[in-house]
Amino acid sequence: QVQLVESGGGLVQAGGSLRLSCAASGPAGSSYAMGWFRQAPGKEREFVAAISRSGDNNYYADSMKGRFTISRDSAKNAVYLQMNSLKPEDTAVYYCAARRFGGLAIRSKEVDYWGQGTQVTVSS
């Protein structure tokens, strides 16, 4: 029903920036709370940022607050993650996520749809 496709990952030096994009395809008129998660090798999938269906409410994990910004363009069914001041610890596969009902997409168990992920590598 819903397909999420991430793009924008790559290799950057510490202190650099990247902007990730997520293109969502689904039924016309559908609205989803969206989020970003990441997973590094050997670690659990970790919440990064979330945005409400209206785009007026954002939420960030503490380690990302002040460095990352989530936004959405509802007309284009797109979600973005602007990542600044990147650190080697940010290296991970980043996943776009969508939640059909309820609140923000913050917990993995409440996510209904996942993208395939895009690799972000930050060198020191």
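Residues numbered from 1 in each chain as written. Predicted model: local features only at pLDDT ≥ 70, side-chain atom pairs only at ≥ 80, totals over all residues. Heavy atoms only, no water.

Participant: I'm lost on the pairing of strand β7 (residues 68–73) in this one. Help?
Facilitator: For a regular strand, side chains alternate in direction, first toward one face of the sheet and then toward the other. In this structure, β7 lies alongside strand β8 (residues 78–83), joined through 6 bridges in antiparallel fashion. Its bridge partner being in β8, Phe68 is matched across the sheet by Met83. The turn joining β7 and β8, which pair antiparallel and follow one another in sequence, is formed by 4 residues; a positive phi near 55 degrees is taken by Asn77. (Pairing = 2+ DSSP bridges. Helix = DSSP H or I, 4+ residues; strand = E, 2+ residues; numbered from the N terminus.)

Participant: What am I meant to see in the packing of aromatic side chains here?
Facilitator: Here the distance between the centres and the angle between the planes together describe a pair of aromatic rings. Under the counting rule described, the total for this entry stands at 5 aromatic pairs. An aromatic cluster of three or more residues is present, and its members are Phe37, Phe47, Tyr59, Tyr95 and Trp114. A cation over a ring is seen here: Arg45 above Tyr95, with NZ or CZ 3.8 Å from the ring centre. The side chain of Arg45 reaches across the aromatic face of Trp114, ending 4.5 Å from its centre. (Phe/Tyr/Trp six-rings, centres within 6.5 Å; stacked < 30°, edge-to-face > 60°. Lys NZ or Arg CZ within 6 Å of the ring centre and 35° of its normal.)

Participant: Please explain the nonpolar core as it appears in this structure.
Facilitator: A general tendency of soluble globular proteins is for nonpolar side chains to be buried together. Met34, Trp36, Leu81, Met83 and Tyr94 are the most contacted members of the largest nonpolar core, which has 35 residues in total. Taken together, the elements giving at least two residues each to this core come down to β3 (18–25), β4 (33–39), β5 (46–51), β7, β8, β9 (92–99) and β11 (118–123). (Core = buried A, V, L, I, M, F, W, Y, C linked by side-chain atoms within 4.5 Å. Buried < 20%, exposed > 50% of the residue type's maximum accessible area, 1.4 Å probe, protein only.)

Participant: Can you help me understand the sheet that holds β8 in this one?
Facilitator: Sheet strands line up and pair through hydrogen bonds in the backbone, either parallel or antiparallel. If you trace the 4 strands from one edge of the open sheet to the other, you get β1-β3-β8-β7, paired in antiparallel fashion. For this open sheet the edge positions go to β1 (3–7) and β7, each flanked by a neighbour on one side alone. Taken over all neighbouring pairs, the strand axes of this sheet differ in orientation by 15 degrees on average, direction set aside. Summarising the sheet, β1 and β3 pair through 5 bridges and their orientation is antiparallel. Note on β3: the bridge partner recorded for Leu4 is Ala24. (Axes fitted to C-alpha atoms, helices over the stretch in contact; angles between N-to-C directions.)

Participant: Would you explain the state of the cysteines in this entry?
Facilitator: Disulfides are covalent bonds that connect the sulfur atoms of two cysteines. For the structure on display, the rule yields 1 disulfide. Across the disulfide, Cys22 is cross-linked to Cys96 (sulfur-sulfur distance 2.1 Å). The disulfide joining Cys22 to Cys96 has a torsion of about -80 degrees about its S-S bond and is therefore left-handed. Of this pair, Cys22 sits in strand β3 while Cys96 sits in strand β9, and the two are 74 residues apart along the sequence. Like Cys22, the residue Cys96 is buried in the burial classification. (Disulfide = S-S within 2.5 Å.)

Remember that the coordinates give geometry; whether it matters functionally is a separate question.
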